[in-house]
Amino acid sequence: MEVICLSNILVLASTAQDKSTAKINDRISWLKYLDKVARPVMSNLAEDKLKEKMPGILSKRVDNVGQRAKVAYLEAFGRTLSGIAPWLNLEGGSKEEVALRNQYRAWSLKAIANAVDSTSKDYMVWEQGGQPLVDASFVALAFIRCPWLWEHLNETVKNQAVSALIKSRSIVPGYNNWILFSAMIESFFCKYGLNYDKVRIEYGVREFAQHWYIGDGMFSDGMNFAFNYYNSYVIQPYLATIVDIADSKDNSYAWFEPKLDKINKRYAEIQERLINTDGSFPAVGRSIVYRGAAFHHLADMALRKQLPQSLKPAQVRGALTAVIKKTMDAPGTFDKAGWLTIGLCGNQPDLADVYNTTGSLYICTNIFLPLGLPESDDFWSSASQPWTAVKVWNGEDVAGDHALDLSK
């Protein structure tokens, strides 16, 4: 297969500029950034060279050098695959986009095969320590988001993938957002008609639904609340996916679904208002080096077509485009070989937490989820609109913001 290069997308962008259609340019721009981020991971893993090529950069304050170094490859793989999965599942588009998608589909199938084959050089660590549970769940999430991938794996690779994910059951999750990692893996088994542990799903959903909702569209991450982006990195996108699958099976969470919908819509409003006029956002809380993944939830709500009425898809597109550019265009964001460096706006290693590695940074691909919507969808086809911060700071009179009252 001919390798489709980033330059093809750039040429397409140049052509689109002649049409003076920002909405087309936005999609092409997103494809350019997605390709720049995902290409090193997926192309090297497809060639069984990820461990050979990916730099092993760890946090300056790393808590376990040996373990973090070993699991970094699963981090890069699972997180990248989860972000590109909706786009991989899509059909159609321009001939250039179709060609690029076909390239990534081919890489993804080979990458999965290498990651779960114990005889390959890039076979992943699936059960040592705690971190593999986290990133096995991102692999499971990718399979959920992209049935095309699961359907096109041969039976040998499917069996190896299931065995790899089962290995993560030996890891006891922390009493926080980690219980959703276990629930996500079981949700994957549930979706595809495999034996699954319903208790792990129940545990994950009920703790958040009955004990950890703190109000105004946000959950605490365990017993204590901390202001960070974990409602977006993990909690709300995971809960939405898990509840959808469980309810499609036996309507287990019909009692929670309406409440979760209100919570998710409110948090989407909050997320959109956090994005400043230039695409920057408050650099608060742990894991801030996950860059655009701070808006995983907002991107997921756009993909699901579940944005609140207060948010037009085109204004969300504008806001997320600004975030992508702000977090990807800063000098030092990528090393000379094209790998992400640790930072939020460039290379900022002091921002890292003890568990951050080169691999963990690739969760940022989850900001690209709306690429799973066809170009005819309102998210892409509607004329560009300013997001809330742009309106307010340009002096436009806009509706005030109000907290969510679930009693109404």
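Preceding block: the structure.
For the structure given in this document, a descriptive report is provided here.

**A closer look at the overall build of the protein**
Phase 1: Counting its regular elements, the protein contains 16 helices and two strands.
Phase 2: Across its three principal directions, the C-alpha atoms of the protein cover 60 × 50 × 40 Å.
Phase 3: Long-range contacts, defined here as pairs at least 24 residues apart, represent 76% of the contacts in the protein between residues at least 6 apart.
Phase 4: As displayed, the protein has an accessible area near 16,100 Å², and 52% of this comes from carbon and sulfur atoms.
Phase 5: In the protein, 44 side chains carry a positive charge and 44 a negative one; their mean positions are 2 Å apart.

**Points about the layout of surface pockets**
Phase 1: Approximately 280 Å³ is the volume attributed to the largest pocket.
Phase 2: Surrounding the largest pocket, 14 residues form its lining, Glu269, Arg273, Ser310, Ala399 and Gly400 being those nearest its centre.
Phase 3: When residues of the lining of the largest pocket are traced back to their parent elements, those giving at least two are helix H12 (257–274) and helix H16 (388–393).
Phase 4: Tallying contributions element by element places H12 first for the lining of the largest pocket, with four residues.
Phase 5: Residues that form the lining of the largest pocket fall into these classes: three nonpolar, five polar and six charged.

**Brief notes about the packing of aromatic side chains**
Phase 1: Overall, the coordinates contain 30 aromatic pairs when judged by the stated rule.
Phase 2: Taking the centre distance of 5.9 Å and the plane angle of 65 degrees together, the rings of tryptophan 178 and phenylalanine 181 count as edge-to-face.
Phase 3: Its relative accessible area of 23% is what places tryptophan 178 among the partly exposed residues.
Phase 4: The class for phenylalanine 181 is buried, based on a relative accessible area of 2%.
Phase 5: Counting every residue linked through ring pairs, the aromatic cluster contains Tyr175, Tyr203, Phe208, Trp212, Tyr213 and Phe219.
Phase 6: Here the basic side chain of arginine 105 rests over the ring of tryptophan 148, its NZ or CZ set 4.3 Å away from the ring centre.

**Regarding the pattern of salt bridges**
Phase 1: Scanning the entire structure with this criterion turns up 27 salt bridges.
Phase 2: For arginine 273, the salt bridge is made with aspartate 401, and the minimal N-O distance between the two is 3.6 Å. Taken together, the positions of arginine 273 in helix H12 and aspartate 401 in the segment after H16 put the pair 128 residues apart, joining distant regions of the chain.
Phase 3: We classify aspartate 401 as partly exposed; its relative accessible area is 39%.

**Notes on the side chain of histidine 296**
Phase 1: With respect to the helices, strands and loops of the structure, histidine 296 is situated in helix H13 (residues 296–304).
Phase 2: If sequence neighbours within four positions are ignored, histidine 296 has contacts with Arg145, Ser232, Tyr233, Pro237, Asn366 and Leu369.

**Things to note about unusual backbone geometry**
Phase 1: Backbone geometry at aspartate 216 places phi at a positive 50 degrees, although glycine is not the residue there.
Phase 2: Its location among the elements puts aspartate 216 in the loop between strand S1 (213–215) and strand S2 (218–219).
Phase 3: One non-glycine residue, arginine 291, lies in the positive phi region at around 50 degrees.
Phase 4: Along the polypeptide, arginine 291 turns up in the loop between H12 and H13.

The rules behind each value
Residues numbered from 1 in each chain as written. Predicted model: local features only at pLDDT ≥ 70, side-chain atom pairs only at ≥ 80, totals over all residues. Heavy atoms only, no water. Helix = DSSP H or I, 4+ residues; strand = E, 2+ residues; numbered from the N terminus. Contact = heavy atoms within 4.5 Å. Areas by Shrake-Rupley, 256 points an atom, 1.4 Å probe, with all protein chains shown as cover. Lys, Arg positive; Asp, Glu negative; His and termini not counted. Charge placed at Lys NZ, Arg CZ, Asp CG, Glu CD. 1 Å grid on protein atoms, 1.4 Å probe; cavity = no way out; pocket = protein on both sides within 12 Å on 5 of 7 lines; lining within 4 Å. Points joined across faces, edges and corners; volume = space filled by probe spheres on them. Nonpolar A, V, L, I, M, F, W, Y, C, P; charged D, E, K, R; others polar. Phe/Tyr/Trp six-rings, centres within 6.5 Å; stacked < 30°, edge-to-face > 60°. Buried < 20%, exposed > 50% of the residue type's maximum accessible area, 1.4 Å probe, protein only. Lys NZ or Arg CZ within 6 Å of the ring centre and 35° of its normal. Salt bridge = Lys/Arg side-chain N within 4 Å of Asp/Glu carboxyl O.

That is the geometry; function is a separate question.
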